Amino acid sequence: MVFGVAGVPTHYKGKLSGLFPWLKEMNLNGVEIQCTYGFKMSDENKKLYKEMGENGFFLSMHAPYYINLGSLNNQVVGRSKSNMKEGIELAKSIGVTRIIFHPGGGHENTIEGRQHAIKQLIDAVNEFTSEIDMVDVRLYPEIGGKTASLGSLDEIIEICKNCKYCYPCIDIAHLHAREIGSLTSKEILKSKLQKIKDAIPEKFKYIHFHAYTINYGEKGEIKHLYFGDTMPDGSAGSPNLDDFIAVLKEMNIEPWVISEALDSQELSAKYMHDLYVK
Ligand SMILES: [Zn+2]
């Protein structure tokens, strides 16, 4: 069971070395290291994260946003492939077992355009993973938050089916936003997860989640919400995190859940953890 935060929470003001006890105090045991500006890390931080992993914390890593394996530009794809290899080496050196990445964008937003981009991404991933020793590192293409971005539920399943090292990162807020508010009930969320389980049963137990509430519009994601905040129209923040936790329990899913709630990851992660163990 892993409940954790994306990056160093804004409410935490101390040094990185003090973050772990701070999280532990709230019964949180996961951190998704944000490599937003590149797979780079000081030696000191490498050491701290490694120790953290050895002390029972679970580490995942979010790839830089500029990685775009589905791009129409060959140079961007080439660079993204070598970036991913650097990321895998970094992950291995500090004991990270999961690397989350965005499938990308820039393709033509038509059925053919999307299919072409996904096919290219699959080829690219299979190419660089065959050139490197993956050890126990798994790659997680993430559900995209905008309707135009790559990473619909079907596309994530497609990638995981065709790439040995790819596993699903289900960002339930992104899924909800890109489907313009689809997750309106526990049953609907459950059916989405069941679809993944049926399609890739052997990979389902390694599923990775991002969970928080989100504001969205006709093009999908607008903004992650602060934990407990309402939607702009005053309604409760969605998707419903209580439903999400209930589904995890009902489906016997071993949770690895990272909260990306705006400036309040730890509050939302603690809330979900407490609900889960209740
Ligand atoms: Zn992401």
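This section reports on the structure supplied with the text. (Residues numbered from 1 in each chain as written. Predicted model: local features only at pLDDT ≥ 70, side-chain atom pairs only at ≥ 80, totals over all residues.)

Right, let's talk about the overall build of the chain for a bit. A tally of regular secondary structure across the chain gives ten helices and ten strands. The C-alpha atoms of the chain give 18 Å as radius of gyration, which agrees with the globular expectation for 278 residues (19 Å, within 12%). Sorting the 278 residues of the chain into buried and exposed places 44% on the buried side. Excluding contacts between residues fewer than 6 apart, the proportion of contacts in the chain whose partners are at least 24 apart in sequence is 80%. (Helix = DSSP H or I, 4+ residues; strand = E, 2+ residues; numbered from the N terminus. Rg over C-alpha atoms; globule rule 2.2 N^0.38 Å. Buried ≥ 20, exposed ≤ 12 C-beta atoms within 10 Å, placed from the backbone. Contact = placed C-beta atoms within 7 Å.)

With parallel pairing, the eight strands of this open sheet are ordered in space as E5-E4-E3-E2-E1-E10-E7-E6. For this open sheet the edge positions go to strand E5 (138–141) and strand E6 (169–171), each flanked by a neighbour on one side alone. On average, each strand axis in the sheet is inclined to that of its neighbour by 25°, with strand direction left out of account. Here strand E2 (residues 30–34) runs beside strand E3 (residues 58–62); their pairing, made up of five bridges, is parallel. Note on E3: the bridge partner recorded for Val31 is Leu59. (Pairing = 2+ DSSP bridges. Axes fitted to C-alpha atoms, helices over the stretch in contact; angles between N-to-C directions.)

This part takes up the environment of Lys219. Note that Lys219 resides in the loop between strand E8 (214–217) and strand E9 (220–224). A count of 14 C-beta atoms within 10 Å places Lys219 in the partly exposed class. As a C-alpha pair, Lys219 and Ala177 span 42 residues in sequence and 8.3 Å in three-dimensional space.

Two elements in contact, helix H3 (residues 74–94) and helix H4 (residues 111–130), have axes whose closest approach is 10 Å; the angle formed by their N-to-C orientations is 40°. Relative to H4, H3 is oriented oblique. As H3 runs across H4, the sense of the crossing is right-handed. From H3, Val77, Lys81, Met84 and Lys85 reach across to H4, where they touch Gln120, Ala124, Glu127 and Phe128. (Parallel < 35°, antiparallel > 145°, perpendicular 65-115°, else oblique. Left-handed = near helix turned anticlockwise from the far one by under 90°.)

Let's shift gears to the pairing of E9. Pairing of E8 with E9 involves four bridges; the strand directions are antiparallel. From the neighbouring strand, Ile214 faces E9, where its bridge partner is His224. The hairpin turn running from E8 into E9, its antiparallel successor, is two residues long.

Each neighbour pair has its own omega, and for Ser238 with Pro239 the value is 0°, a cis peptide bond. Positionally, Pro239 belongs in the loop between E9 and helix H9 (241–250). Although it is not a glycine, Asn27 sits at a positive phi angle of roughly 65°. Within the fold, Asn27 resides in the loop between helix H1 (19–25) and E2. The phi angle at Ile180 is positive, at roughly 45°, despite the residue not being glycine. By the element assignment, Ile180 lies in the loop between helix H6 (172–178) and helix H7 (186–199).

Across the five residues that make up E2, a large majority, four, are buried. Relative to E2, strand E1 (residues 2–6) runs parallel, the two being bridged by three bridges. Bridge assignment links Ala6 to a residue of E2, and that residue is Glu32. Tracing the backbone out of E1, into H1 and back to the parallel element E2 gives a crossover that is right-handed. Regarding topology, helix H2 (residues 43–54) serves as the crossover connection from E2 to the parallel E3, and that connection is right-handed. (Right-handed = clockwise from strand over helix to strand, strands pointing away.)

This next bit is on the environment of Asp274. Relative to the assigned elements, Asp274 resides in helix H10 (residues 265–277). Sequence separation of Asp274 and Met26 is 248 residues, and the distance between their C-alpha atoms is 9.3 Å.

The next thing to look at is the packing of H7 against H9. Contact geometry for H7 and H9: axes closest at 9 Å, N-to-C directions at 50°. With respect to their mutual orientation, H7 and H9 come out oblique. The crossing of H7 and H9 is right-handed. Across the interface between the two elements, Lys186, Leu189, Lys190 and Leu193 from H7 touch Asp243, Phe244, Ala246, Val247 and Glu250 from H9. For the contact of H7 with H9, the class distribution of residues is five nonpolar, no polar and four charged. (Nonpolar A, V, L, I, M, F, W, Y, C, P; charged D, E, K, R; others polar.)

Helix length check: H3 (21 residues) gives 31 Å between terminal C-alpha atoms against 30 Å at 1.5 Å per residue, within 8%. Considered for burial, the residues of H3 that qualify are Val77, Ser80, Asn83, Met84, Gly87, Ile88, Leu90 and Ala91. Angularly, the buried residues of H3 cover 165° about the axis, an arc narrow enough to put them on a single face. Seen from the open side of H3, the exposed residues pointing more than 90 degrees away from its buried face are Asn74, Gln75, Gly78, Ser82 and Ser93. (Expected span 1.5 Å × (residues − 1). Arc of directions from axis to C-beta.)

Any functional reading would require information beyond the geometric quantities listed.
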